[in-house]
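Inside the fold
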Amino acid sequence: MARNKKKPFYEDVRIEDIGAEGKALARVGEMVIFTSMAIPGDVVDLQVTKKRKRYEEAFVRAYKSYSDDRIDAFCEHFGVCGGCKWQMLPYEKQLQYKQKQVSDQLTRIGRLEIPGVMPILASERDRFYRNKLEFTFSNKRWLTYKEVEEGSEVKNSNALGFHVPGLFDKVIKIDKCWLQPDPSNQIRNFVYDYAIRNNLSFFDIKEQHGLLRTMIVRTASTGELMVIVTFYYEDRDKRVALLNALKEEFPGITSLMYVINPKGNDTITDQEVEVFSGREYILEEMEGLQFKIGAKSFYQTNSEQAYTLYKVTRDFAGLTGTETVYDLYTGTGTIANFVAQKAGKVVGIEYVPEAIEDAKANASFNNITNTSFFAGDMKNVLTDDFVKENGKPEVVITDPPRAGMHADVVQTIIRMAPERIVYVSCNPATQARDIAILDEFYQIEKIQPVDMFPHTHHVENVVLLRKKP
């Protein structure tokens, strides 16, 4: 019989650094250990949970002493909610580690020679910076530590808030979230109180029953507001009563919508979204351009920093007004339409057909006539024949998902041989991998990180590549 090897327990370990995915890093002898809820300078006891050949994963059993850099978290839900894991780290330090992450990924993963990384562009607001949040209704509320310690009877097990990380059926009741500006908190708390007062049932994701499923709140820099409530089944009287109460309490809601979703999962991308009152979209604005944001539209969730990101992208593209620009992974065409005024023509490609319809609508809405948009799998759409038909680009802008670009797409870009490539990425690791393939033909000219998500490890990075002579 195989022996059950006991997992190591380490005492008085000093946290040295922050590594990939924002995890704290320590060393015991030659072994690298990753953990969470710790920052460099903390001295902790670590209980290993996973052993690998080159590293181990552990959780903090006890804090022996705290780092001089550590600060108090400002949110009462910190440590349980997984949304803002770096609240104990000063924002200036967060920016330093994000900048280091970009540099490390490009040099270590990509093995690239870089000209240096420009100072990261901080978010002007590090609280209430998001324009979209999705809340979940659940009859399986995550109990507070105090409730567990007291062991008293739980009279109300309903919650409206966020999933506990790693537990799909447990939801934290959120009283105040620091991510989205008001009236987001007031709307969520009003709907929760209304549901409790009127005995509306909260969804049970395991057993698949209960009326209320999810609620999305979207805000815009224009002051417009969208609320989408998802129900598991139709109960017209209860649905109408709730939505009317919401409409009366918050008359400033621009777009109040609902979904009846009887599926096993919460996604609404394949569901019909019905307008209860107002219009089916809200408006976002940028440099005089207006963008329609619908229930399923993608838009960068930090509006102010999105503008910063797009300005960097446009600046790196170096447009003079005559160039043909390809905008790959164009989404709803925000970048394409944003740079169109300074280009000859812009060709946008995106996998999601609904996003392409949004892109076309936004172009028409803003009287932009030099953009064209195509839907389909990038590696299948972006072919040599497509380039012949739409023109060889002088500039390619690419903003792929976290997985990066498909190898076929990278090879097509190499064959197109644009003068400049502007690579926008939310994952510097896959960005480094892709640029390493391009490195034979292109040299890195500029690198600009942009912080879109304070109090998380996530960072956007823009790289300008220029064709080698």
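Residues numbered from 1 in each chain as written. Predicted model: local features only at pLDDT ≥ 70, side-chain atom pairs only at ≥ 80, totals over all residues. Heavy atoms only, no water.

Some thoughts on the sheet that holds strand S5 (residues 43-51)
The 6 strands are arranged S1-S5-S6-S4-S3-S2 in an open sheet whose pairing can be described as mixed. The sheet terminates laterally at strand S1 (9-14) and strand S2 (17-18), the two strands that pair on one side only. Taken together, the 8 bridges between S5 and strand S6 (residues 55-65) define a ladder with antiparallel strand orientation. Pairing of Lys51 across the sheet is with Glu56, part of S6. (Pairing = 2+ DSSP bridges. Helix = DSSP H or I, 4+ residues; strand = E, 2+ residues; numbered from the N terminus.)

A word on the pattern of salt bridges
Summed over all chains, the structure comprises 27 salt bridges. Between Lys173 and Asp175 there is a salt bridge, and its shortest N-O distance comes to 2.7 Å. A salt bridge links Glu323 to Arg420, with the nearest nitrogen and oxygen atoms 3.8 Å apart. Taken together, the residues Glu323 in the loop between helix H5 (303-317) and strand S16 (324-328) and Arg420 in strand S20 (residues 420-425) connect sequence positions 97 residues apart. (Salt bridge = Lys/Arg side-chain N within 4 Å of Asp/Glu carboxyl O.)

Describing helix H11 (residues 428-438)
The element H11 is largely enclosed, with a buried count of 8 among its 11 residues. Lining the buried residues of H11 we find helix H1 (91-109), helix H10 (407-416), S20, strand S21 (442-450) and strand S22 (460-467). (Buried < 20%, exposed > 50% of the residue type's maximum accessible area, 1.4 Å probe, protein only. Contact = heavy atoms within 4.5 Å.)

A few points about the packing of helix H3 (residues 184-197) against helix H4 (residues 236-249)
Two elements in contact, H3 and H4, have axes whose closest approach is 11 Å; the angle formed by their N-to-C orientations is 140°. Classified by the angle their axes make, H3 and H4 are oblique. At the point where H3 passes H4, the crossing takes the right-handed sense. The residues of H4 that touch H3, namely those facing Ile187, Phe190, Val191 and Tyr194, are Ala241, Leu242, Ala245, Leu246 and Glu249. Of the residues in the contact of H3 with H4, the class split is 8 nonpolar, no polar and 1 charged. (Axes fitted to C-alpha atoms, helices over the stretch in contact; angles between N-to-C directions. Parallel < 35°, antiparallel > 145°, perpendicular 65-115°, else oblique. Left-handed = near helix turned anticlockwise from the far one by under 90°. Nonpolar A, V, L, I, M, F, W, Y, C, P; charged D, E, K, R; others polar.)

Things to note about the sheet that holds S22
Spatially, 7 strands are ordered S18-S17-S16-S19-S20-S22-S21 in an open sheet, and the strand pairing comes out mixed. Edge positions in the sheet fall to strand S18 (371-375) and S21, since each of these pairs with one other strand and no more. Between one strand and the next, the sheet's axes are offset by a mean angle of 15°, whatever the strand orientation. For strand S17 (residues 345-350) and S18, the ladder comprises 5 bridges, and the chain directions are parallel. Its bridge partner lying in S18, Val347 is registered against Ser372.

A look at the packing of aromatic side chains
Scanning the entire structure with this criterion turns up 16 aromatic pairs. For the pair Phe137 and Phe202, a centre-to-centre distance of 5.5 Å together with 70° between the ring planes defines the contact as edge-to-face. Highlighted residues: Phe137 in strand S7 (residues 132-138) and Phe202 in the loop between H3 and strand S10 (212-219), separated in sequence by 65 residues. Each member of the pair, Phe137 as well as Phe202, is classed as buried. For the pair Phe291 and Tyr299, a centre-to-centre distance of 6.4 Å together with 45° between the ring planes defines the contact as tilted. For the pair Phe291 and Tyr299, one class covers both residues: buried. Taken together, the ring pairs connect Phe74, Phe128 and Trp178 into an aromatic cluster. Above the ring of Trp178, the side-chain terminus of Lys176 is found at 3.9 Å from the ring centroid. (Phe/Tyr/Trp six-rings, centres within 6.5 Å; stacked < 30°, edge-to-face > 60°. Lys NZ or Arg CZ within 6 Å of the ring centre and 35° of its normal.)

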